[in-house]
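# Remarks on the overall topology
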Amino acid sequence: EGAGGAGGGGAAGRNANGAEAGTERGYGGIPTLEQKKLWAENLFKVSGDDLGQVVTMLDKKCPACLEAVTADEGGEPGCEINVDGVATEAFWEVDAFMKRSVAAAAGNNKRKR
């Protein structure tokens, strides 16, 4: 089971109805540049725990999109996420997770006021 676009012929990446691959499972097909920008922005909006969950999800679905980063002085090692390297299906799964996380955090902030 691949993520979008893998296949032969002119209709590769489309389902029987002509929609982009993945849309029948609730995914948005191949993400646009704008969707990738918003996705990357949401990485900075999720909590530390949820960011750890995002990295775990990506490590399971498309480990090639993660690149280890060595620690600066006194810092901890981490990783960078190559957004362009995230598999389509993983992109949309993580996108949904981050949107729920950001919405929940916004709801909690409203209640605290």
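Note: the structure precedes this text.
None of the values given here were measured: they were computed from a predicted structure.

Reading the values: rules and limits
Residues numbered from 1 in each chain as written. Predicted model: local features only at pLDDT ≥ 70, side-chain atom pairs only at ≥ 80, totals over all residues. Heavy atoms only, no water. Helix = DSSP H or I, 4+ residues; strand = E, 2+ residues; numbered from the N terminus. Buried < 20%, exposed > 50% of the residue type's maximum accessible area, 1.4 Å probe, protein only. Contact = heavy atoms within 4.5 Å. Polar contact = N/O pair within 3.5 Å; in protein donor to acceptor, adjacent residues only side chain to side chain. Phe/Tyr/Trp six-rings, centres within 6.5 Å; stacked < 30°, edge-to-face > 60°.

### Looking at the environment of Q35
Take Q35: it is sitting in helix α1 (residues 33-43). Given the relative accessible area of 29%, Q35 is considered partly exposed. In the structure, Q35 is positioned 56 residues away from F91 in sequence and 9.9 Å away in space, judged by C-alpha atoms. Not counting residues within four places of it along the chain, the set of residues in contact with Q35 comprises I30, F91 and W92. Polar contacts involving the side chain of Q35 include one to the main-chain amide nitrogen of T32, which spans 2.7 Å.

### Focus on the packing of aromatic side chains
Here the structure, examined in full by the defined rule, presents two aromatic pairs. Here W39 and F91 contribute two aromatic rings whose centre-to-centre distance is 5.1 Å and whose plane-to-plane angle is 20°, an arrangement assigned as stacked. Placement of the pair is W39 in helix α1 and F91 in helix α3 (residues 88-112), with a sequence separation of 52 residues. Looking at W39, the relative accessible area reads 0%, which means it is buried. You can call F91 buried: its relative accessible area is 1%. Ring plane angle 80° and centroid distance 4.8 Å describe the contact between F91 and W92, whose orientation is recorded as edge-to-face.

Taken by themselves, the reported measurements are silent on function.
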